[in-house]
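A structural walkthrough
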Amino acid sequence: MDAVMDVEMDGVREILEKARAAGRSALTAPEGRRICQAYGIATPGEGLATSAGEAARIAAEIGLPVVLKIVSPDILHKTDAGGVLVGLRTEGEVRDGYERVVANARAHDAAARIDGVQVQQLVGGGHEVIVGAVTDPTFGKIVAFGLGGVLVEVLKDVTFRLAPVSGDDALAMLDDIRAADVLRGARGAEPANREALAGLIERVGRLVADHPEITEVDLNPVFASAAGAVAADVRIIVGEPAQEPERPSREEILRQMTRIFRPRSVAVIGASAETGKIGNSVMRNLINGGFQGQIFPINPKASEIMGLPAYRSVADVPYDVDVAVFAIPAKFVAPALEEVGRKGAAGAIMIPSGFAETGNAEGQREIVEIARRHGVRVLGPNIYGYYYTPANLCATFCTPYDVKGGVALTSQSGGIGMAILGFSRTTRMGVSAIVGVGNKADVDEDDLLTFFEQDDHTRAVAMHLEDLKDGRGFVEAARRVVREKPVIVLKAGRTAMGARAAGSHTGALAGDDKVYDDILKQAGVVRAPGLNDMLEYARTLPLLPAPKGENVVIITGAGGSGVLLSDACVDAGLTLMDIPPDLDEAFRAHIPPFGAAGNPIDITGGEPPTTYENTVRLGLADERIHALVLGYWHTIVTPPMVFAELIARVVAEERDKGNVKPVVASLAGDTEVEEACEYLFEHGVVAYPYTTEKPVAVLGAKYRWARAAGLLR
């Protein structure tokens with residue numbers, strides 16, 4: 001439902017240029033109203049008065065009651081200055097109000113320029129909401145929608161999207177706030193006109209996208225009723241347009257990243273024969289990891305290292321070099337990088353620390369400038385290196401890793417990288433890549449996603465990040481990838497984002513983690529709440545088949561587990577299926593009379609393996625059911641390994657028949673359930689001991705990706 005707009009661009013540009021030429025950061029209310037009119041944003045009838053008599057005349061023309069607002073380019077927050085009066089019902093009240101508003105403004109700021117008083121028709125009714133836009137340092141222009149009025153910054157019931165906003169995204173914003181049911185008309189309230197409100201959101205998104213010099217827009221309150229949406233107050237802030245980051249073409253990124261991940265040759269700058277040196281560890285990992293390409297140790301004091309001829313400089317290598325791994329102190333990096341650039345390498349893997357993370361921002365800028373001049377991509381600095389298992393490539397000073405699989409993981413932190421390594425080894429989660437990005441002086445998540453998107457060895461991508469250099473570039477890349485592969489993100493610093501100085505309510509609201517949360521969701525990314533969650537999502541999402549619909553059914557041997565699993569489903573955003581009568585009857589045929597059909601289906605704890613088999617098989621075979629959550633508890637009638645082997649067999653047999661659905665299980669019991677869970681994992685069923693939350697959480701993550709990829713019917 002994209003809004004179709006004919007905008008008088010020349011008039012809008014004239015207003016903006018006039019304000020900027022005068023050195024003003026804020027438009028006056030009449031200027032803001034004219035811009036709203038140009039973009040089809042409804043505002044109340046109004047006029048500008050320069051005397052008390054003129055104010056009374058305008059009020060009589062547009063109809064009483066009215067609102068009076070001071071018009072001054074120097075007074076941004078009119079209410080704080082006593083510059084707003086509401087509900088004036090007679091011409092006499094308007095005259096007196098005019099004098100009072102002007103006097104209050106002069107008392108607030110004696111030097112303020114006063115253009116007059118805005119006389120505005122009093123509007124009300126419906127719901128007070130806020131629609132705005134702000135320039136975010138990470139994502140650029142973003143649009144906000146939420147509950148409005150005087151409590152907007154207290155309630156903070158708001159959601160964000162990248163600008164411009166599509167019709168579908170605008171409608172989704174209406175449903176994303178906690179008060180969404182109120183706007184739909186809950187408890188007898190008048191429903192808001194969804195199309196009108198979504199159209200207004202679209203228009204604000206286009207306004208800020210069309211005019212980069214508009215840094216903030218604040219429409220608060222907007223009165224949303226069944227009849228439409230009217231912006232009662234307009235605040236527009238202008239400034240210098242944000243500079244767009246330089247982005248190489250997708251083809252260029254892919255060409256360079258392919259050489260980095262599939263190099264024919266690797267040079268180690270600072271290679272060493274001395275155990276305990278980083279250059280020694282990198283050499284050992286490359287050789288012992290089974291890398292089949294050429295390895296060139298670079299050390300001016302050695303003629304041979306680990307049986308390979310050493311070179312004084314990369315310039316002396318008589319072959320092409322695709323990748324150079326730097327294992328030298330920061331102060332020696334720049335001249336060595338010049339040589340690597342002249343050699344025509346694609347990538348410089350910067351293990352050294354001592355750059356921006358220690359305050360040496362100038363040193364980091366220097367190596368980026370050298371790399372760009374030569375067309376070299378820099379990974380890091382301040383990283384542990386990287387692994388790419390399809391090429392047996394361990395270009396790192398950490399422990400080697402050779403369990404191949406379909407998950408690519410990246411981290412901004414070396415410590416997190418080691419947690420990834422340990423988890424991968426312990427759980428036998430095969431990986432395609434583990435990549436440290438460190439300071440992200442050059443290569444960042446966008447570049448890596450571009451490579452992993454087309455990498456046949458990668459089935460899912462999980463990323464730990466503390467920030468994004470180019471939020472829009474990340475969203476663009478992620479949207480492409482999630483069509484085929486899940487992208488999981490652990491965003492650190494959820495509570496540490498400081499409030500920014502802002503000239504509007506929208507700007508103040510945009511100062512926390514909600515912006516990241518909403519825009520990552522807009523990109524189709526699955527956000528993990530913690531490190532273990534990210535790793536478990538990475539481990540399980542490639543394992544679980546994609547669901548085809550929203551109907552989830554719980555089959556449990558314990559009523560208590562069924563209640564907890566139900567709660568977990570609600571928390572994970574899953575839909576528990578309403579079991580139709582015929583299916584209810586079919587389940588009842590397999591459970592004892594004292595069991596409970598419905599959803600959860602409680603088969604009770606003393607049942608033999610056949611009860612589990614019959615109910616699970618029915619759940620897999622019925623096409624109206626789209627996913628199963630199993631709750632098991634340890635009994636002597638159906639021991640843990642009997643349960644595990646049974647479920648693995650039934651799931652495999654039904655998959656062979658074409659009944660492919662995600663199945664997760666929660667196992668409660670003695671320590672034998674741990675072995676049973678491992679067995680189920682090995683056979684394609686996600687299972688966890690001692691928890692009802694974790695299996696449902698990973699199923700919820702799979703659903704979030706499936707929705708983003710458009711796989712649910």
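Note that the structure is a prediction, hence the values are computed from the model and not measured. (Residues numbered from 1 in each chain as written. Predicted model: local features only at pLDDT ≥ 70, side-chain atom pairs only at ≥ 80, totals over all residues. Heavy atoms only, no water.)

1. Structural notes on helix α6 (residues 167-176)
Listing the buried residues of α6 in full gives Gly167, Ala170, Leu171, Met173 and Leu174. Along α6, the residues classed as buried sweep out an arc of 150° about the axis, all on the same side. (Buried < 20%, exposed > 50% of the residue type's maximum accessible area, 1.4 Å probe, protein only. Helix = DSSP H or I, 4+ residues; strand = E, 2+ residues; numbered from the N terminus. Arc of directions from axis to C-beta.)

2. Regarding the packing of helix α22 (residues 640-656) against helix α23 (residues 672-682)
If you want to describe how two helices pack, look at the angle between their axes and the distance between the axes. Packing of α22 against α23 leaves a shortest axis separation of 8 Å and a crossing angle of 15°. Considering the angle they form, α22 stands roughly parallel to α23. As for the relative orientation of α22 and α23, their crossing is right-handed in sense. Judged by residue contacts, Pro640, Met641, Phe643, Ala644, Glu645, Ile647 and Ala648 of α22 engage Glu672, Val673, Glu675, Ala676, Tyr679 and Leu680 from α23. In the contact of α22 with α23, the residues fall into ten nonpolar, no polar and three charged. (Axes fitted to C-alpha atoms, helices over the stretch in contact; angles between N-to-C directions. Parallel < 35°, antiparallel > 145°, perpendicular 65-115°, else oblique. Left-handed = near helix turned anticlockwise from the far one by under 90°. Contact = heavy atoms within 4.5 Å. Nonpolar A, V, L, I, M, F, W, Y, C, P; charged D, E, K, R; others polar.)

3. Here we look at helix α10 (residues 278-288)
In an α-helix, one full turn covers 3.6 residues, which means residues spaced three or four apart are oriented alike. Where α10 is concerned, the buried positions are Gly279, Asn280, Val282, Met283, Asn285 and Leu286. Those residues of α10 that are buried are in contact with β11 (265-269), β12 (294-298), β13 (304-305), β14 (308-309), β15 (323-326) and β19 (393-396). Trailing α10 by a residue or two, Gly290 shows a phi angle of about 90°, which is positive.

4. A few points about the pairing of strand β22 (residues 460-465)
For β22, the buried fraction is high: six of the six residues fall into the buried class. Along β22, one buried face is formed by Ala460, Ala462 and His464 and the opposite face, lined by Val461, Met463 and Leu465, is buried too. In this sheet, β22 lies alongside strand β20 (residues 404-411) in parallel orientation, the contact comprising four bridges. By the bridge assignment, Thr410 is partnered in β22 with Met463. Regarding the hand of the β-α-β motif, the stretch spanning β22, helix α15 (residues 471-481) and strand β23 (residues 487-491) is right-handed. (Pairing = 2+ DSSP bridges. Right-handed = clockwise from strand over helix to strand, strands pointing away.)

5. A few points about the pairing of β11
Of all the five residues making up β11, five are buried; the element is thus mostly covered by neighbouring parts of the structure. Residue alternation in β11 divides its side chains into two sets, Ser265, Ala267 and Ile269 and Val266 and Val268, and both sets are buried. As for the winding sense of the linkage, the β-α-β connection from β11 through α10 to β12 is right-handed. Relative to β15, β11 runs parallel, the two sharing four bridges. When the sheet's bridge partners are listed, Val266 is paired in β15 with Val323.

6. Points about the nonpolar core
Counting residues in hydrophobic clusters, the biggest one holds 105 residues, and the most contacted among them are Phe261, Tyr386 and Leu409. Broken down by element, this core gets its largest block of residues, seven residues, from helix α24 (residues 693-708). Other than its neighbours up to four places away in sequence, Phe261 contacts Tyr386, Tyr388, Ala391, Leu393, Ala433, Val435, Leu448, Phe451 and Phe452. (Core = buried A, V, L, I, M, F, W, Y, C linked by side-chain atoms within 4.5 Å.)

7. Observations regarding the packing of aromatic side chains
According to the stated counting rule, one finds 13 aromatic pairs in the structure shown. Between Phe261 and Phe451, the aromatic rings sit 4.5 Å apart at their centres with planes inclined by 10°, giving stacked as the arrangement. With a gap of 190 residues between them, Phe261 in helix α9 (residues 250-261) and Phe451 in helix α14 (residues 445-454) connect regions that are remote in the sequence. Accessibility expressed as a relative area gives 1% for Phe261, which makes it buried. Phe451 sits in the buried class, given a relative accessible area of 0%. (Phe/Tyr/Trp six-rings, centres within 6.5 Å; stacked < 30°, edge-to-face > 60°.)

8. Quick word on the sheet that holds strand β21 (residues 431-436)
Taken together, seven strands build an open sheet; the order of strands is β19-β18-β21-β20-β22-β23-β24 and the sheet is mixed. Only two strands of the sheet have a single partner each, and these edge strands are β19 and β24 (526-527). Sheet strands in contact with α14 are β18 (385-388), β20, β21, β22 and β23, and its direction is about 170° off that of β22.

9. Some details on the environment of Ala110
You can see Ala110 is positioned in the loop between α4 (91-108) and β4 (116-121). By relative accessible area, which is 70% here, Ala110 ends up exposed. On a C-alpha basis, the gap between Ala110 and Lys301 in space is 75 Å, while along the polypeptide they are 191 residues apart.

10. A few points about the side chain of Arg377
Tracing the backbone through its elements, the reader meets Arg377 in strand β17 (residues 377-379). For Arg377, a relative accessible area of 10% gives the class buried. Reaching out from Arg377, the side chain makes a polar contact with the side chain of Asp442 at a distance of 2.9 Å. Residue contacts for Arg377: discarding those within four places in its chain leaves Pro248, Ile253, Gln256, Met257, Ile260, Ala346, Gly347, Ala348, Asp442, Val443 and Asp447. (Polar contact = N/O pair within 3.5 Å; in protein donor to acceptor, adjacent residues only side chain to side chain.)

11. Side note on the packing of helix α21 (residues 609-621) against α22
It is the contact of α21 with α22, at a shortest axis distance of 10 Å, that shows an interaxial angle of 30°. Taken as axis vectors, α21 and α22 run roughly parallel relative to one another. The element α21 and its partner α22 pack so that their crossing is right-handed. Note on element contacts: α22 touches α21 through Val642, Phe643, Leu646, Ile647, Arg649, Val650, Val651, Glu653 and Glu654, opposite Pro609, Tyr612, Glu613, Val616, Arg617, Leu620 and Ala621. For the contact of α21 with α22, a count of residues per class yields eleven nonpolar, no polar and five charged.

12. Observations regarding the side chain of Asn599
With respect to the secondary-structure elements, Asn599 resides in the loop between α20 (581-588) and β27 (601-602). Within the local environment of Asn599, its side chain forms a polar contact with the backbone oxygen of Val552, the two atoms lying 3.0 Å apart. Here the side chain of Asn599 touches Met577 through a polar contact of 3.1 Å, landing on its backbone oxygen. Look past the residues within four positions of Asn599 in its chain and what remains in contact with it is Val552, Val553, Ile554, Leu576, Met577 and Ile579.

13. Observations concerning the confidence of the model for the protein
Scored by pLDDT, the protein comes out at a mean of 93, with 96% of its residues at no less than 70. Note that residues 496-503 has pLDDT below 50 and, in this model, 20 contacts with residues that lie over four places away or in other chains. (pLDDT = per-residue confidence, 0-100.)

14. A short note on unusual backbone geometry
Across the junction of Ala163 and Pro164, the peptide omega takes the value -5°, indicating a cis bond. Positionally, Pro164 belongs in the loop between β7 (158-162) and α6. In this chain, Gly380 is followed by Pro381 through a cis amide linkage whose omega measures 0°. A positive phi angle, close to 55°, is found at Asn392, a residue other than glycine. Mapped onto the elements, Asn392 comes out in the loop between β18 and β19. Backbone geometry places Arg428, a non-glycine residue, at a positive phi of 60°. For Arg428, the location among the structural elements is in the loop between α13 (414-427) and β21.

15. Overview of the pattern of salt bridges
One pass over the structure, following the stated rule, counts 49 salt bridges. Residues joined by salt bridges that share partners form a network here, namely Glu613, Arg617, Arg649, Glu653, Glu654 and Lys657. (Salt bridge = Lys/Arg side-chain N within 4 Å of Asp/Glu carboxyl O.)

16. Here we look at the sheet that holds strand β16 (residues 347-350)
Taken in spatial order, the five strands of this open sheet run β12-β11-β15-β16-β17, and their pairing is parallel. Of all strands in the sheet, those bounded by a partner on one side alone are β12 and β17. On average, each strand axis in the sheet is tilted by 20° relative to the strand beside it, whichever way the strands run. Along the sheet face, α9 touches β15, β16 and β17 and points at about 55° away from the line of β17. Packed onto the sheet, helix α11 (residues 333-343) meets β11, β15 and β16 and runs at close to 170° relative to β15.

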